[in-house]
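Structure at a glance
The chain contents come next:
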Protein chains: 2
Amino acid sequence: MKLTANKIAGVLREHGYKLTPQRHAVLKVIAASYAHLTPEAIYEKVHLENSDIGLVTIYRTLDILRELNLVCRMHAPDGCRSYMMRRPTEHHHHLVCSSCGRVVDFAGCDLVDLEKRLARETRFEINGHLLELYGLCPDCNLASR
Amino acid sequence: MKLTANKIAGVLREHGYKLTPQRHAVLKVIAASYAHLTPEAIYEKVHLENSDIGLVTIYRTLDILRELNLVCRMHAPDGCRSYMMRRPTEHHHHLVCSSCGRVVDFAGCDLVDLEKRLARETRFEINGHLLELYGLCPDCNLASR
DNA sequence: CAGTAAGTGAAAAATATTATCATTTGTAAT
DNA sequence: ATTACAAATGATAATATTTTTCACTTACTG
Ligand SMILES: [Zn+2]
Ligand SMILES: [Zn+2]
Ligand SMILES: [Zn+2]
Ligand SMILES: [Zn+2]
């Protein structure tokens, strides 16, 4: 995981944002996790180390991290708002374990043919898509036998 | 649109639900629309004709209609909970106009190859997906020039 | 070290959804 | 038709989620 404090500071400053301990704490929690996390979950994890951060700041920070492409906001099987470290820089999607929340990023969604076909058939101008795959990760799958 | 009152009544009764005027009103509003509607929007439309239906009943009714596969619950570009008449009976997805909300259903999402590849690579047991396409319908596209 | 704009926390407000409960009503059996 | 009763409803309250406001604090600049 190549997310040095320096790099974060750089990205924030580049865009005129200050590097506050709160922002650092939030990013640290997200960077440490390979599962998606809700704002509430992030709040709780942040609190274990740093108990004077308000939930509001979590929300505000997440908005900024999202804007700077440092995190992905995603739709989990059980909720429409959670966040992940953004690890691939290119267009990608998420395969999510509905039991433990673990996420595997994948590229190559390859919807262009479908989109072309539909654009032709419907005359829509298609400009985006939402795609998430759900399932059970190997660990949870074994555990459930 | 082949949604006769009789047919609705039948589906409801088959599953032990009563056919109330409220349920009929909700379904009528949804059946008349080719755009996705939020619970609030449905509430407002229902009220134009029938002002004594509570929002709670809208929610309850939508749950049931969803369970009976009479409506689709979907993710719109601007919100994670809206409803559409379910017109195709088979597995399908939605192409949504982000300006007017109009929805075109389409089948043939064809994610099986992708899912197979990922199942092999990740050892996940994949059991579902969320897919919505977004764009501008021909009318809104023209209007925006 | 200031000076200052940006950031923060606490609280309140705005939204969205679900639960509770007394009353009403659709249905089916008289 | 009348009745019996489980199911459904509306009003209200409760819960949950997200945003706004504002006085105070702090990270950055020079
Ligand atoms: Zn991602
Ligand atoms: Zn994609
Ligand atoms: Zn549909
Ligand atoms: Zn599909």
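**Concerning the environment of Cys 80 of chain A**
Relative to the assigned elements, Cys 80 of chain A resides in strand 2 (residues 79-85). A relative accessible area of 26% means that Cys 80 of chain A is categorised as partly exposed. Once the C-alpha coordinates of Cys 80 of chain A and Thr 38 of chain A are considered, the two residues, 42 residues apart in sequence, prove to be 9.1 Å apart. Not counting chain neighbours up to four residues away, the residues in contact with Cys 80 of chain A comprise Arg 73, Met 74 and His 75 of chain A together with His 75 and Cys 80 of chain B.

**A closer look at the packing of aromatic side chains**
One pass over the structure, following the stated rule, counts 0 aromatic pairs over all chains. A cation sits over an aromatic face here: Arg 87 of chain A above Tyr 34 of chain A, 3.7 Å from the ring centre.

**Comments concerning the relation of the copies chain B and chain A**
With an RMSD of 0.1 Å, the fit of chain B onto chain A corresponds to turning through 180° and sliding 0.0 Å along the axis. A rotation of that kind, with that shift, is consistent with a two-fold axis. Nearest to the rotation axis, the C-alpha of Leu 131 of chain B is located 2.3 Å from it, this being the minimum over chain B.

**Structural notes on the coordination of the zinc ion (ligand 4)**
Protein-derived coordination of the zinc ion (ligand 4) comes from His 91 of chain B (NE2), His 93 of chain B (NE2), Cys 109 of chain B (SG) and His 129 of chain B (NE2), at a distance range of 1.9 to 2.2 Å. Around the zinc ion (ligand 4), the 4 donor atoms are arranged such that angles at the metal cover 100 to 116°; this shape is classified as tetrahedral.

**Side note on the nonpolar core**
Judged by nonpolar contacts, the single largest core of 29 residues is most densely connected at Leu 95 and Leu 131 of chain A together with Leu 131 of chain B. Breaking this core down by element, the ones donating at least two residues are strand 3 (93-97), strand 4 (103-106), helix 5 (112-122) and strand 5 (125-136) of chain A together with strand 3 (93-97), helix 5 (112-122) and strand 5 (125-136) of chain B. Beyond its immediate stretch of four places on either side in the chain, Leu 131 of chain A contacts His 93, His 94, Phe 106, Cys 109 and Leu 111 of chain A together with Leu 111, Leu 130 and Leu 131 of chain B.

**A look at the sheet that holds strand 3 of chain B**
Whenever strands of a sheet pair, they do so through backbone hydrogen bonds, lying parallel or antiparallel. Strand order in the open sheet formed by 6 strands is 4(A)-3(A)-5(A)-5(B)-3(B)-4(B), with mixed pairing between adjacent strands. Two strands lie at the open edges of the sheet, namely strand 4 of chain A together with strand 4 (103-106) of chain B, each paired on one side alone. Sheet twist, expressed as the average angle between the axes of neighbouring strands with direction ignored, equals 20°. As paired elements, strand 3 of chain B and strand 5 of chain B share 4 bridges and run parallel to each other. For Leu 95 of chain B, the partnering residue across the bridge sits in strand 5 of chain B and is Leu 133 of chain B. Relative to strand 5 of chain A, helix 5 of chain A is tilted by about 135°, and along the sheet it contacts strand 5 of chain A together with strand 3, strand 4 and strand 5 of chain B. Seen against the sheet, helix 5 of chain B touches strand 3, strand 4 and strand 5 of chain A together with strand 5 of chain B and runs at an angle of roughly 135° to strand 5 of chain B.

**Some details on the packing of helix 2 (residues 21-31) of chain A against helix 3 (residues 39-49) of chain A**
A packed helix pair is summarised by two numbers, namely the angle formed by the two axes and the spacing between the axes. Residues and elements named next belong to chain A. Contact geometry for helix 2 and helix 3: axes closest at 9 Å, N-to-C directions at 110°. With respect to helix 3, the axis of helix 2 lies roughly perpendicular. For the pair helix 2 and helix 3, the sense of crossing is right-handed. Together, Ala 25, Val 26, Lys 28, Val 29 and Ile 30 of helix 2 and Ile 42, Lys 45, Val 46 and Glu 49 of helix 3 make up the contact between the two elements.

**Quick notes on the domain arrangement of chain A**
All names here are of chain A. For chain A, the assigned domains are domain 1 (1-90) and domain 2 (91-145). A straight line from the C-alpha centre of domain 1 to that of domain 2 covers 23 Å. With 14 residues of domain 1 in contact, the opposing surface of domain 2 contributes 14 residues. Buried surface at the junction of domain 1 and domain 2, summed over both partners, amounts to about 1,100 Å²; 66% is from carbon and sulfur atoms. The largest per-residue losses of area from domain 1 upon contact with domain 2 belong to His 75, Pro 77 and Glu 90, which jointly make up 41% of the total buried on that side.

Criteria and thresholds
- Residues numbered from 1 in each chain as written.
- Chains lettered and ligands numbered in written order.
- Predicted model: local features only at pLDDT ≥ 70, side-chain atom pairs only at ≥ 80, totals over all residues.
- Heavy atoms only, no water.
- Helix = DSSP H or I, 4+ residues; strand = E, 2+ residues; numbered from the N terminus.
- Buried < 20%, exposed > 50% of the residue type's maximum accessible area, 1.4 Å probe, protein only.
- Contact = heavy atoms within 4.5 Å.
- Phe/Tyr/Trp six-rings, centres within 6.5 Å; stacked < 30°, edge-to-face > 60°.
- Lys NZ or Arg CZ within 6 Å of the ring centre and 35° of its normal.
- Least-squares fit on C-alpha atoms with pLDDT ≥ 70 in both.
- Donors = N, O, S within 2.8 Å, 3.2 Å for Na, K, Ca; no water.
- Tetrahedral: all angles 85-135°; square planar, octahedral: opposite > 155°, others 65-115°.
- Core = buried A, V, L, I, M, F, W, Y, C linked by side-chain atoms within 4.5 Å.
- Pairing = 2+ DSSP bridges.
- Axes fitted to C-alpha atoms, helices over the stretch in contact; angles between N-to-C directions.
- Parallel < 35°, antiparallel > 145°, perpendicular 65-115°, else oblique.
- Left-handed = near helix turned anticlockwise from the far one by under 90°.
- Domains from an automatic or database assignment.
- Buried area = accessible area lost by both parts, 1.4 Å probe.

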